[in-house]
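Letter by letter, the chains look like this.
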Amino acid sequence: MPQILVVNCGSSSLKFAIMDGTDNPPILEGIAERLGSEHSAITFKYAGNKTVQPLHDNDHRGAVTAIKHWINSNSTLPINLVGIGHRVVHGGETFSQSVVINPTVLESIKDCARFAPLHNPAHAKGIEVAQALFGDLPHVAVFDTAFHQTLDADQYLYPIPMRLYREHNFRKYGFHGTSYRYIAQKLATLDLDFASQNTLVAHLGNGASVCAIKAGKSVDTSMGITPLEGLMMGTRSGSLDPSLLAFISDAENISMKDALDILNKESGLKGISEISNDCRSIETAQAAGDDRAELALNMFASRAAKHLASVATNLESVDHIVFTGGIGENSPVIREKICRRLAMMGVWLDLHANQISPRGEVSMISDNRSNTSIWVIPTNEELLIAQDTLSLIADTAPE
Ligand code: ADP
């Protein structure tokens, strides 16, 4: 069976998985971590076994070389790579769907780095290295922003001088698009009327955002020109009065960039709880009676609910609400807090179904008095990247 190597390159990590584009679990998956440091290592997970190897060449090239070496030294395994799919965070206005990577595409990915300076240069590096080492395979880029290119101008523009959009492309782009597209695709298999329906999705992980989907298309989302806008997140503040940036910079005598770093890296659940950015640890602290943990969870849920209600103003009805991402899939506490705040929309959670929702599986958690179906749907961005890659390869293959 043909398979795809899915690659997600960060500045100091590289996640990978070999998938066949079906619901089958990845044949091989793993992560290279602490790239650039002397402690860098790569983990391979195969058939329930985990092996960790130090990476002597501790950069992205070293990581991809180690993956290639692992595949070559296990040549008896049923691995049949036909392409490589790369996750790319920012596709700007250039990419509204996944594309086969050619030199022009790679240049455009590099151009988009001004809005994603931590991510896009690492993706470009990963693509170059993978093209050098797997030169005989087609490479495909799948963009987090692409799904939101269907937003209308009245949603994606910021109310700032139009000239700033015209001259610099300053606008809302939105992220988590691959996850939202996966959820839309999955929901279409669960409710055959989905194509004519309206859905709210809350992707709640370390990064968190919401999306309004109308007849399968994104019509509004909470993240903006960068993933800082919108919900309160693990370490990101989400939306706030932009004047605060100048106040923090003045009061702390730091540059605007360092003030922005506080909003990106020291805020959110971590900033309020003063415990962790990790929702599970905060829930444990809350259960033990920690007030800051309680406050952090309430703020997180309140902001998620506000943004859900806000993007819902683009829909005539709300037929489905979907929770996904590490927190959305696994935290009944957060789901309940959010749904309680959406009662004015006729949202009615089945408290028991919410509590017993099985990990890693689709479940419906709405009470039958609810105006909207409420779902827990585990996301699978890697699967969509593998599927896009397979279908683009099929489209471009010679007859
Ligand atoms: P990322 O955005 O990095 O992909 P994930 O989607 O993996 O993040 O989500 C990570 C978040 O999910 C963390 O805050 C983690 O604590 C939370 N999480 C995972 N499992 C649980 C759980 N059982 N209860 C509450 N939160 C959980």
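All of these numbers come straight from a predicted model, not from anything done at the bench.

Colleague: Even after reading the chapter, I still don't get the overall build of the protein chain, so can you show me in this structure?
Modeller: Across its full length, the protein chain carries 15 helices and 14 strands. For the protein chain, the C-alpha radius of gyration of 21 Å lies close to 21 Å, the compact-globule estimate for 399 residues. Taking the principal axes of its C-alpha atoms as reference, the protein chain extends roughly 55 × 55 × 50 Å. Taken over 399 residues, the protein chain has a buried fraction of 52%. Taking contacts inside the protein chain between residues at least 6 apart in sequence as the whole, the part at least 24 apart equals 62%. By element, 51% of the accessible surface of the protein chain is carried by carbon and sulfur atoms, the whole surface being about 18500 Å².

Colleague: Honestly, the domain arrangement of the protein chain in this entry has me stumped. Any pointers?
Modeller: Put simply, an interface is often sized by how much accessible area is lost when its parts join up. According to the domain assignment, the protein chain contains domain 1 (3–143) and domain 2 (193–381). For domain 1 and domain 2, the distance between their C-alpha centroids amounts to 29 Å.

Colleague: Would you mind showing me how to read unusual backbone geometry here?
Modeller: Most peptide bonds are trans, and most residues other than glycine sit at a negative phi. Positive phi values are uncommon outside glycine, yet A47 reaches one of about 50°. For A47, the position within the fold is in the loop between β4 (41–46) and β5 (49–54). In this structure, N169 takes a positive phi of about 60° despite not being glycine. Its location among the elements puts N169 in the loop between α5 (162–168) and α6 (177–190). Assessed through its relative accessible area of 25%, N169 is described here as partly exposed.

Colleague: Sorry if this is basic, but what is going on with the site of the ligand here?
Modeller: Near the ligand you find 13 residues, and of these N206, D278, C279, R280 and G326 are the closest. One nitrogen or oxygen atom from the main chain of C279 is found 3.0 Å from an oxygen atom belonging to the ligand. Within the backbone of G326, a nitrogen or oxygen atom sits 2.8 Å from an oxygen atom of the ligand. Of all the elements in the fold, those that place two or more residues in the shell around the ligand are α10 (279–287) and α12 (325–330). Tallied by class, residues from the shell around the ligand come to 2 nonpolar, 7 polar and 4 charged.

Colleague: Can you walk me through the environment of R280 in this structure?
Modeller: Within the secondary structure, R280 sits in helix α10. Taking relative accessible area as the criterion, R280 reaches 61% and is therefore assigned exposed.

Colleague: Looking at this structure, I do not really get the sheet that holds strand β3 (residues 28–33). What am I missing?
Modeller: The strands making up a sheet associate through hydrogen bonds between their backbones, and the pairing can be parallel or antiparallel. Taken together, the 8 strands give an open sheet; going across it, the order is β5-β4-β3-β2-β1-β6-β8-β7, and neighbouring strands pair in mixed fashion. Sheet topology places β5 and β7 (99–100) at the edges, where each strand pairs with a single neighbour. In this structure, strand β1 (residues 3–9) lies alongside strand β2 (residues 14–19), joined through 6 bridges in antiparallel fashion. By the bridge assignment, V6 is partnered in β2 with A17. The sheet strands contacting helix α1 (residues 60–73) are β1, β2, β3, β4, β5 and β6 (81–88), and the helix crosses β4 at an angle near 30°. Against the sheet, helix α3 (residues 120–133) touches β1, β6 and β8 (139–143), its axis set at about 165° to β6.

Colleague: Any chance you could explain a nonpolar patch on the surface here in plain terms?
Modeller: Among the surface-exposed residues, L240, L244 and F247 lie close enough to one another that they form a single nonpolar patch of about 270 Å² accessible area. Looking at the element boundaries, L244 is found in helix α7 (residues 243–252). Judged by its relative accessible area of 35%, L244 is partly exposed.

Colleague: Explanation requested: the packing of α10 against helix α11 (residues 291–311) in the structure shown.
Modeller: Where α10 contacts α11, the two axes come as close as 7 Å, and the packing angle between them is 130°. When the interaxial angle is binned, α10 and α11 end up oblique. Classified by chirality, the crossing of α11 by α10 is left-handed. For the pair formed by α10 and α11, the contact residues are C279, I282, E283, A285 and Q286 on the first element and A293, E294, A296 and L297 on the second. When its residues are assigned to classes, the contact of α10 with α11 shows 6 nonpolar, 1 polar and 2 charged.

Colleague: Looking at this structure, how should I read the sheet that holds strand β11 (residues 217–221)?
Modeller: Spatial strand order, β11-β10-β9-β12-β14-β13: 6 strands in an open sheet with mixed pairing. Each having just a single partner strand, β11 and β13 (363–364) make up the two edges of the open sheet. Lying on the sheet, α11 is in contact with β9 (198–204), β10 (208–214) and β11; it crosses β10 at an angle near 25°.

Colleague: It is not clear to me how the UniProt feature "binding site: Mg(2+)" (unreviewed entry) in the protein chain should be interpreted in this structure. Could you clarify?
Modeller: UniProt's feature table lists "binding site: Mg(2+)" (unreviewed entry) at N8 and E381, given in the numbering used throughout. Of the residues just listed, which span 374 residues, no C-alpha pair is farther apart than 10.3 Å, and they cluster in one region. Position of N8 among the secondary structure elements: in strand β1. Since its relative accessible area comes to 18%, N8 is described here as buried. Setting aside chain neighbours within four positions, we find N8 in contact with S13, L14, K15, R87 and H123.

Colleague: What should I look at first to understand the UniProt feature "site: Transition state stabilizer" (unreviewed entry) in the protein chain in this one?
Modeller: Under the local residue numbering, the UniProt record ascribes the feature "site: Transition state stabilizer" (unreviewed entry) to H176 and R236. With respect to the helices and strands, H176 occurs in the loop between α5 and α6. Non-local contacts of H176, meaning those with residues more than four positions away in its chain, are made with D144, H203, G207, A208, S209 and M223. Inspection of the secondary structure puts R236 in the loop between β11 and α7. In this structure, R236 is in contact with G207, M223, P227, L228, L263, N264, S267 and G268, ignoring residues within four places of it in sequence.

The rules behind the values
Residues numbered from 1 in each chain as written. Predicted model: local features only at pLDDT ≥ 70, side-chain atom pairs only at ≥ 80, totals over all residues. Heavy atoms only, no water. Helix = DSSP H or I, 4+ residues; strand = E, 2+ residues; numbered from the N terminus. Rg over C-alpha atoms; globule rule 2.2 N^0.38 Å. Buried < 20%, exposed > 50% of the residue type's maximum accessible area, 1.4 Å probe, protein only. Contact = heavy atoms within 4.5 Å. Areas by Shrake-Rupley, 256 points an atom, 1.4 Å probe, with all protein chains shown as cover. Domains from an automatic or database assignment. Near = heavy atom within 4 Å. Polar contact = N/O pair within 3.5 Å; in protein donor to acceptor, adjacent residues only side chain to side chain. Nonpolar A, V, L, I, M, F, W, Y, C, P; charged D, E, K, R; others polar. Pairing = 2+ DSSP bridges. Axes fitted to C-alpha atoms, helices over the stretch in contact; angles between N-to-C directions. Patch = residues over 30% accessible without salt bridge, like charges linked within 9 Å, V, L, I, M, F, W, Y side chains within 5 Å. Salt bridge = Lys/Arg side-chain N within 4 Å of Asp/Glu carboxyl O. Parallel < 35°, antiparallel > 145°, perpendicular 65-115°, else oblique. Left-handed = near helix turned anticlockwise from the far one by under 90°. UniProt positions renumbered as here; feature names shortened; annotations may be inferred.

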